[in-house]
Amino acid sequence: MSTTAVHPYIESLLTGTRELATTPHPWLNERRGAALERANALSVPTTRDEDWRFTDLTQLTRLQLRPANPSRGAVSAETVQPCVVPEAGARLVFVDGHFAPELSVESEAASGARVTSLTAALKTEAQRLEPYLARIASVDGNVFAALNTAHLRDAAVVLIGKGAACAKPVHLLFIATQADTAQYPRCIVLAEAQCECTVIEEYVALSEDVYFTNALTEVNVASEARLRHIKLQRESGRAFHIASCTAAIAKDATYVSQTITLGARLSRYELNIGLNAEGANAEIDGLALISNRQLADTHTLIDHAKPNGRSAQLHKTIVDGAAHAVFNGKILVRPGAQLTDSAQESRNLLLSDKATVDTKPQLEIFADDVKCAHGATVGQLDAEQLFYLRSRGLPERAARNLLTYAFGASVIERIPVPSVVGRLERTVMAQTGAAA
Amino acid sequence: MMGTGKTLLEVRGLTANVAGVPILKGIDLVVREGEIHAIMGPNGSGKSTFAKVLAGHPAYEVTGGTVLFEGRDLLTLPPEERARAGIFLGFQYPVEIPGVTNSAFLRLAYNTVHSARGKDELDPLEFDDFIREKMKLLEMDPAFLDRSVNEGFSGGEKKRNEILQLAALEPKLAILDETDSGLDIDALRVVANGVNGLLRPDNAFVLVTHYQRLLNYIVPHYVHVMQGGRIIKTGGKELALELENRGYDWVVDEYKSVTA
């Protein structure tokens, strides 16, 4: 047997993993070790891989990255303030992937959800975490997931108790401050039966630095629970953001995913939703608003494994400058997943001649009594709508901004957190204004 | 009043193309304050093109002639500046704008147009009071404020929404393009009452219409017949009735015999 040489880039990203302290939890040590082995065995995807056809990682592999330093000197309560979601009942702040307890507001199980760091959670909740942590997400074919797990040191943990109705959202805030670093944010959200909760996972940067965020989120939604997962990606415009989320949805449970992609030079989000039991539901909204030379790639998989599942997906992109949006939306209906009801829409707005979008709905249906609808459109701002607004006195630029905003509004306005909606409205208006 | 008011609009020898095809072939028209003009004519005569050219639709290329609005050269102004100067086009097919609420749109339009004329902007609460008053006059359900602009509105609701914008923007010259088409008799009456209530000594209306029906409710001072991109006959309100009874052919024949 020949041994394969480790990909030099991956080897550089594995710097520091071998020095990770052994935890008192053998299962965790094992999973981390296995991920390290997988990462060693895998290579960086290229555009020859079908799943990465449009997303060229060459630039990322040329970066000289180092692990982020755990010192959090650059971030104070004042720097966090503009990112605070006032509606949230608990907030965990991670700076360059490292937990910042002094900036966080943890919460106890008595409030409905225990929101804390993995380090703290493992002390009392290891048994609860063991079936899920580094288990929900497979690292087999995914080198970035393998790298994240190999680096697993701390994580944001949200444990929502059975039947808990959490009125206040949980905010998980990841702040990047150090240039030329690789960061490994990690979240795990476990929603017990019949609970209801909203979790906001947000990525921001303090400056326009080059860095690499490699994030992984695992979600389990137990029977009849309802979890809303809002992901806001507002990385630096020069950053690389590669993230995946795997969600396992149980009987009659609902998972709502709302993802807004604004930042990063190159971003990739892989969302894998397993509707693993009868009557499981998923509602998936996505909006990417990009300009200049940004690339935003969204790959989703909705796996209907059992009967009576429902999924509704709306993915929108607004692409300006020489930016490039990629959407690959796979709907899998497995044999026996009868009476599946699935709808998928991909709507894309191109604001410039150099903007491009590649959208690919992918339906694989192995059951015969199902309803699956899908559609994709790519268009420009409507000339008649523009004239209508201008004929009512709106300057052309304001009219363009309003129509651009309106295109994205249907996704933004479905987020039931007013401060997040308000902030996104201002960001989108400013971004489209700057681009018009 | 008629014929003595200040000149608002003065069109001389206006010609225009759409996609390279000449549609307007030399239009002359003078509209003074306090006047209601009706422009009638068969389909394809250029009526709607004329309306859109006055409002500044970018798809229409003006190839000759002049248009003065209160003495200003209108043709050099983009559509938004024409609106602020006091021109209003009521659309034949009002455009749906999903994602923009009618109230936000109306307030944005109101504030843009009125601030350009030196009036104070209204905040959302003040505007809400203002627009609800106007809606009452048009017998419009306030629920239309919270819906996206024209989205899912019936034909009649869309036309009422046009007249609501007209009422809010208080233009000096309103050009209503086929406002009567698609309206049942009740809606027509409401729209006509709205228009009649908005006529003042210092503004004017140009009604573009295919049928005489609207003119039973809004009585024009002048009726113009358009054919082949020109105004070929002008008369008083009785001309509309004559057209209703006899059709357009006789006007065309008369015009041909004069120009032959």
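In this convention, every chain numbers its residues from 1, walking through the sequence in written order. Here chains are named by letter from A upward and ligands by number from 1 upward, in the order in which they appear as written. In keeping with the model being predicted, local features are shown solely for residues with a pLDDT of at least 70 and side-chain atom pairs are shown and tallied solely at 80 or more, while totals for entire chains, interfaces and linings include all residues.

Bringing the overall build of chain A into the picture now. For the purposes of this entry, the term helix denotes a DSSP run of H or I that reaches at least four residues, the term strand denotes a run of E that reaches at least two, and both are numbered from the N terminus. Looking only at helices and strands, chain A features 9 helices and 21 strands. C-alpha atoms define the radius of gyration, and 2.2 Å times the number of residues to the power 0.38 defines the globule rule. Its C-alpha atoms give chain A a radius of gyration of 21 Å, within 12% of the compact-globule value 22 Å for 436 residues. Its C-alpha atoms give chain A principal-axis dimensions of about 70 × 55 × 50 Å. As a rule, residues whose C-beta atom has 12 or fewer other C-beta atoms within 10 Å are exposed, those with 20 or more are buried, and those in between are partly exposed; C-beta atoms are placed from the backbone. Among the 436 residues that make up chain A, the fraction classed as buried is 52%. Working definition of a contact: two residues with C-beta atoms, positioned from the backbone, lying within 7 Å. The long-range share in chain A, meaning contacts at least 24 apart out of those at least 6 apart in sequence, stands at 82%.

Okay, the overall build of chain B next. Within chain B, the secondary structure is distributed over 8 helices and 12 strands. Relative to a compact globule of 260 residues, whose C-alpha radius of gyration would be 18 Å, chain B shows 18 Å and is just as compact. A principal-axis box enclosing the C-alpha atoms of chain B has dimensions of 60 × 40 × 40 Å. Within chain B, the proportion of its 260 residues that are buried is 45%. For chain B, contacts bridging at least 24 residues in sequence account for 71% of all contacts bridging at least 6.

All names here are of chain A. Partitioning chain A into structural domains gives domain 1 (8–277) and domain 2 (381–436). Each domain span listed reflects an automatic or database assignment of domains. The centre of domain 1, based on its C-alpha atoms, is set 31 Å off from the matching centre of domain 2. At the interface, 9 residues of domain 1 touch 7 residues of domain 2. Broken down by class, the residue content of the side of domain 1 that touches domain 2 amounts to 7 nonpolar, 1 polar and 1 charged. Lys, Arg, Asp and Glu make up the charged group, whereas Ala, Val, Leu, Ile, Met, Phe, Trp, Tyr, Cys and Pro make up the nonpolar group; the residues left over, Gly among them, are polar.

Contacts between chain A and chain B engage 16 residues on the former and 21 residues on the latter. Breaking the side of chain A that touches chain B down by element, the ones donating at least two residues are helix 7 (383–390) and helix 8 (396–412) of chain A. Looking at which element gives the most residues to the side of chain A that touches chain B, the answer is helix 8 of chain A, with 6 residues. Of the residues assigned to the side of chain A that touches chain B, the class counts are 8 nonpolar, 4 polar and 4 charged.

Core membership is restricted to buried Ala, Val, Leu, Ile, Met, Phe, Trp, Tyr and Cys residues, and these are joined into a nonpolar core through C-beta atoms within 7 Å. In terms of nonpolar packing, the biggest core is built from 210 residues, with V221 and I249 of chain A together with I175 of chain B touching the most fellow members. Take this core: its biggest share by element is 9 residues, from helix 8 of chain A. For this core, the two domains that each supply at least three residues are domain 1 (8–277) and domain 2 (381–436) of chain A. Aside from chain neighbours lying at most four places away, what touches I249 of chain A is V221, Y255, I273, G274, L275, N276, A280 and A282 of chain A.

We now examine the confidence of the model for chain B. Where the model shows low pLDDT, its predicted coordinates should not be examined in detail. Per-residue confidence from the predictor is reported as pLDDT, a score between 0 and 100. For chain B, per-residue confidence averages 93 on the pLDDT scale, and 99% of positions sit at 70 or higher. Here the predicted complex scores 0.87 on pTM and 0.96 on ipTM.

All names here are of chain B. At least two bridges found by DSSP between two strands is the condition for calling them paired. The 4 strands lie next to each other as 2-1-4-5, forming an open sheet whose pairing is antiparallel. Whereas interior strands pair on both sides, the edge strands pair on one side only; in this sheet they are strand 2 (21–32) and strand 5 (72–73). Where strand 1 (residues 7–18) and strand 4 (residues 60–69) come together, 8 bridges link them in antiparallel fashion. Note on strand 4: the bridge partner recorded for V18 is Y60.

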